[in-house]
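# Chains, contacts and geometry: an overview
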Amino acid sequence: MTRATAVRAVLAVAVLLVSVYITLTMSPRLGLDLQGGTRIVLQARDTATVEADRETTDRTLEVLRQRIDSLGVSEPTLTRSGEDRIIVELPDVQDPRQATEVIGRTAQLTFHAVEGEGTEQQEKKTPDGEPSDGKTPDPAPTPDPDRLTLPDEQGRLLALGEPRLSGAGVEDAKAAFDAQGGAGWTVSLEFRKGAGQDWKKLTGEAACHPAGDDRRRVAIVLDEKVISSPQVDPSVGCGAGLPSGATQITGSFSADEARDLALLIKGGALPVPVEIVEQRTVGPTLGAAAIDASAQAALIGAAATALFITVVYRLFGALAAVALGAYGVISYAALIALGVTLTLPGLAGFVLAIGMAVDANVLVFERAREECADRPKRSLRSALTTGFQKAWSAVADSNATTLIAAGLLFFLGSGPVKGFGVTLAIGVVASMFSALVIARALTEIAANSRFVSDYRGVNGIGRPGAVRTWLVRKDPKLFRKSARWLVVSAALVVVALAGIVVRGIDLGVEFTGGRLVEYSTSRPVDVETARDSIAAAGFGDAEVTTAGDGDLSVRTGKLDNDGEHALRAALAEEGGETTKVRDELIGPSLGDELRRNALIALGVAVAVQLAYLAVRFRWTFAVASVVAMVHDVILVVGAFAWLGRPVDGIFLAALLTVIGYSVNDSVVVFDRVRELWGANRRTPLDTIARRAVLQTVPRTVNTGMGALFILVALAVLGGDSLADFALALLIGIVVGTWSSVFTAVPGALALERSAKAPPPPAPGKGKGTSRGKARATRRDPLDNGARV
C-alpha cells in the first residue's frame, strides 16, 4: 500500500466515523411539509406615513411573535425574508383560522391612566359586560365601557381608564444605558407634536397622586397586554407633566429587556399592515407517508444501483457499491450537522443524488478499462491510477455543472425548492468524496492483490465491457450525415411546442394564485357528487379532481379560511368525516412574482451554463451544449403539456435538475472529443466525434441506469407528491441522454464547419507545457526504474 492510499484510507475511516456518530446522536430538522403544520408568508405593505422597509418589517415581526406566542403554538418560527416579507411556520397547526385572524390585526398600542387596583370580577368580564362563567351577576353599578382591567408586568390587576394616546403618536423609542444618572438601562420616548401635549397632560394628571399610589402610574398597552406601567417620577409636579423629549422609563431593566420594550413601543407606534400572500398546510399523515415512501425508494433504488454496478464492474463495482453506502451516511450526516431543514423536494433530492453518485466511479472504471485494453500487459494498479487521472477533467466539469444547477435552485427557488438545491449540492460534494477518496482507497488496496490483478475477469476493469466491445466491432457511422439527427431533434421540438400550444400548460396554483385543498373522506365520494355539493354551498367556480388514493382535490380562486371551512363542511355532508390533507393558498401578486421568477431562473440557468462551458470548452461546443439543453427543457415541458400534468415549483426544481444533467452528459462527450482531437489533429472531426461517442456511451448508459432505478422507485412509491417530480426527471434523463449524442454533437459539427479556430492543442502541450512534460515522464507507481 502506497502512502497516498494509506492517507485516503485513514481520511475515509475518520469521516465515516464522524458521520456515523452524527447520524446516531442527532436528529434531522424536518420542514413543515414533512412534519405537518402551517406555513404563512406575509407581505408588509406601505401606508401613507410608513414605508415597509427592513427596519419596519423587523418591528412588525416582533409584535407578531408576541401574538403567536399567545396562541400556545409549540415552537413557532418567525423569520424575515428579503426586505418586506415575514415567514411564519406553525408546526402541527392544521386549522390556521385563528392564527391568520391574530396575524391580520393591525397592532394596537395605547396609553392609559391607571385608576386604581383592579378586581378579579372585572377581569373576567366579556366584551359584552357579562361574566365569562355565564352566571347572573349581583346587582352592581353599570361599568364604564371604556374601563379596562389588565394585569401589569408583575401580574397585579390594574383598572385602566380610556385610551388617552395611541401608538401613532410615538415618534421614537430608544434603549440607552444611563451611566451618569445611575439609572442603568432606560427607555427614552419621543412623541409627535400633538401627541406630546397629550402625553404631558396624562403624566401631569398622574403626578397629582401621591408617590406609590397606583394612580400615579401610566399603563402602556400593546394588543390588550400591559408591556410597561411606570410611576411618574416624584420630582414631577401636579399638572406639570413630562415633556416629550425628556421622558424616560426606568426600572431594573437588563439590556435585552430595555431593547425589547423599546422595540415593542416603537413597533406598536409604527404598525405595518400585512397581507397573507402564501399559506400552506400539510397534514401529519402526508408528511409521514412521504418520508416512508422516500425511504423505501432510496433503499430499493440504491440496492438496484449497487447490484447493477456490481454486475457490470464485478469486484470493483462491489467496492463502488460500498462507497455508495458510505456516501449515503456522509451526505445524511452533513445535512444534519449543517442544520439543513429537510423538505419534501429536499428529501427527493437526497434520494436522487444516490443514483447520480455512481457517475464518477463509472467514468474512472471506463477509463481504466480503456487503459487495460490499449496496454494489456500494464499492471492493474497502473491502469486504475491512470483512469483516475484521465477521468478527473470530466468528473470536475460534470459536477461543476450540477453544482451550478443546485446554486440556481437555492438562490432563485422559493420555499421548499431551496431545500432541494441544498441537498443536491451536498450530495454532489459527498459523491465526489466517496468516489475520489473512499472508492479509490478500496480499489487501490484491491488492485495490489495478486489474485485480483491476475484474474482480469474478477476485478471488472481488466477487460472491456460487452456494450463497448459490440459498438467497436460494429463501428456505426453515426455522423456521416449528421444533419439528419438535427432534423429528428427539430421534429421532436415541434411536437412538444404543439402540445404547449394545443393543450396549454397547466400552471399550478403556485404560479396562478388561488387555493388548492386536498381532502380525505371517510366515505367514497365521486367527483361529480363532490362538485355538486360544493356548488350548492356557493362555490360554483371550484375545480374538483381526484388525488391520491380516493382523495379529492379542490382548486378555487380567492378563498379565505372561513370559506375553506364551509367548503369542507359541504364535502362532509356527502363523505362523512373530512380531513384536510394538504392546503395551498397563493395570493395573486405572489403568483405573478413566482411565475416571473421561474422564467428568470430558466434564463439565468441557460446563461450561466453557456458562460461556464465557453470558458472550459470551445465556443462551438458550448453553444451546441446549450442548444441541446434548451431542446431538453422544451421536450419536458411539452411532455407535461400533452400529459396534462401540473407545472409548479417542484416541476421547476426538476427542470433545473434536468438542465444540469443534460449539460453533464454533453460535457463528458465533449471532454473526450477535445482529448482525441488534440491527439489526432489531422483526423476529420466527424470521425473524432464518432469515436468519442462510442467510447463514452457505456458511461452514459451506466450512469443513467443508476438514476433511473431511483426515479422509477420514486414514481411508483412516492405518491402524488413525488410522482410528477420523478416523471419530469425520467423524461429529462431520457431526452438528455439522446440530445447529448444526437443534438449536441451534430450541432457542434455544423458550427465547426464555419468556424476558423484551429483544433485544440494536444494533451500536455500549449499552456502548462512543463507540467505536461513532467506528467508524461512520470513513472508507473510500481516501476522501480530498472531497465535491461
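So, here is what we can say about the structure in this document. (Residues numbered from 1 in each chain as written. Predicted model: local features only at pLDDT ≥ 70, side-chain atom pairs only at ≥ 80, totals over all residues. Heavy atoms only, no water.)

### Quick word on the packing of aromatic side chains
Inspection of every chain in the model, using the stated rule, returns 13 aromatic pairs. Taken together, a centroid distance of 5.2 Å and an interplanar angle of 85 degrees make the contact between Phe-410 and Phe-411 edge-to-face. Judged by its relative accessible area of 35%, Phe-410 falls in the partly exposed class. Ring geometry for Trp-485 and Trp-738: centres 5.9 Å apart, planes at 75 degrees, overall edge-to-face. With Trp-485 in helix H16 (residues 483-502) and Trp-738 in helix H24 (residues 719-742), this residue pair connects regions lying 253 residues apart in the sequence. A connected cluster of aromatic rings, assembled from ring pairs, spans Phe-111, Phe-191 and Trp-199. (Phe/Tyr/Trp six-rings, centres within 6.5 Å; stacked < 30°, edge-to-face > 60°. Buried < 20%, exposed > 50% of the residue type's maximum accessible area, 1.4 Å probe, protein only. Helix = DSSP H or I, 4+ residues; strand = E, 2+ residues; numbered from the N terminus.)

### So, the sheet that holds strand S19 (residues 578-586)
Spatial strand order, S3-S4-S2-S13-S19-S16-S18-S17: 8 strands in an open sheet with antiparallel pairing. In the strand order of this sheet, the two ends are held by strand S3 (77-81) and strand S17 (543-547), each with one partner. When strand polarity is set aside, the average angle formed by the axes of neighbouring strands in this sheet is 20 degrees. Pairing of strand S13 (residues 274-282) with S19 involves 5 bridges; the strand directions are antiparallel. Within S19, the residue paired with Val-282 across the bridge is Arg-582. Seen against the sheet, helix H18 (residues 527-536) touches S17 and strand S18 (551-556) and runs at an angle of roughly 145 degrees to S17. (Pairing = 2+ DSSP bridges. Axes fitted to C-alpha atoms, helices over the stretch in contact; angles between N-to-C directions. Contact = heavy atoms within 4.5 Å.)

### Regarding the packing of helix H10 (residues 359-374) against helix H23 (residues 685-717)
Packing of H10 against H23 brings their axes to within 9 Å, and their N-to-C directions diverge by 150 degrees. By the angle class used here, H10 and H23 are roughly antiparallel. Two packed elements cross with a definite hand, and for H10 against H23 that hand is right-handed. Contact with H10, carried on its side by Asp-359, Val-362, Leu-363, Glu-366 and Glu-370, involves Gln-695, Pro-698, Arg-699, Asn-702 and Thr-703 of H23 and no other residues of that element. Within the contact of H10 with H23, the residues separate by chemical class into 3 nonpolar, 3 polar and 4 charged. (Parallel < 35°, antiparallel > 145°, perpendicular 65-115°, else oblique. Left-handed = near helix turned anticlockwise from the far one by under 90°. Nonpolar A, V, L, I, M, F, W, Y, C, P; charged D, E, K, R; others polar.)

### Side note on helix H19 (residues 561-575)
Taking 1.5 Å per residue as the helical rise, H19 with its 15 residues ought to reach 21 Å, and the 20 Å between its terminal C-alpha atoms agrees with that figure. Those residues of H19 lying buried are Asn-561, Gly-563, Glu-564, Leu-567, Arg-568, Ala-570, Leu-571 and Gly-575. Measuring from the backbone nitrogen of Asp-562 back to the side-chain oxygen at the start of H19 gives 3.4 Å, which picks out Asp-560 as the cap. Directly beyond the C-terminal end of H19, a positive phi value near 75 degrees is found at Gly-576. (Expected span 1.5 Å × (residues − 1). Polar contact = N/O pair within 3.5 Å; in protein donor to acceptor, adjacent residues only side chain to side chain.)

### Focus on the state of the cysteines
Within the structure shown, the criterion is met by 1 disulfide. Note on cysteine connectivity: Cys-208 is disulfide-linked to Cys-238, with sulfurs 1.8 Å apart. Handedness of the Cys-208-Cys-238 disulfide follows from its S-S torsion of about 80 degrees: it is right-handed. On the criterion of sequence distance, the pair formed by Cys-208 in the loop between helix H6 (193-206) and strand S10 (218-222) and Cys-238 in the loop between strand S11 (226-228) and strand S12 (247-253) is long-range, its members being 30 residues apart. Its relative accessible area of 41% is what places Cys-208 among the partly exposed residues. On the basis of relative accessibility, which here comes to 55%, the residue Cys-238 falls in the exposed class. (Disulfide = S-S within 2.5 Å.)

### Some thoughts on unusual backbone geometry
Even without being glycine, Arg-314 reaches a positive phi, approximately 50 degrees. Relative to the helices and strands, Arg-314 is located in helix H8 (residues 284-337). Using a relative accessible area of 41% as the deciding quantity, one classes Arg-314 as partly exposed.

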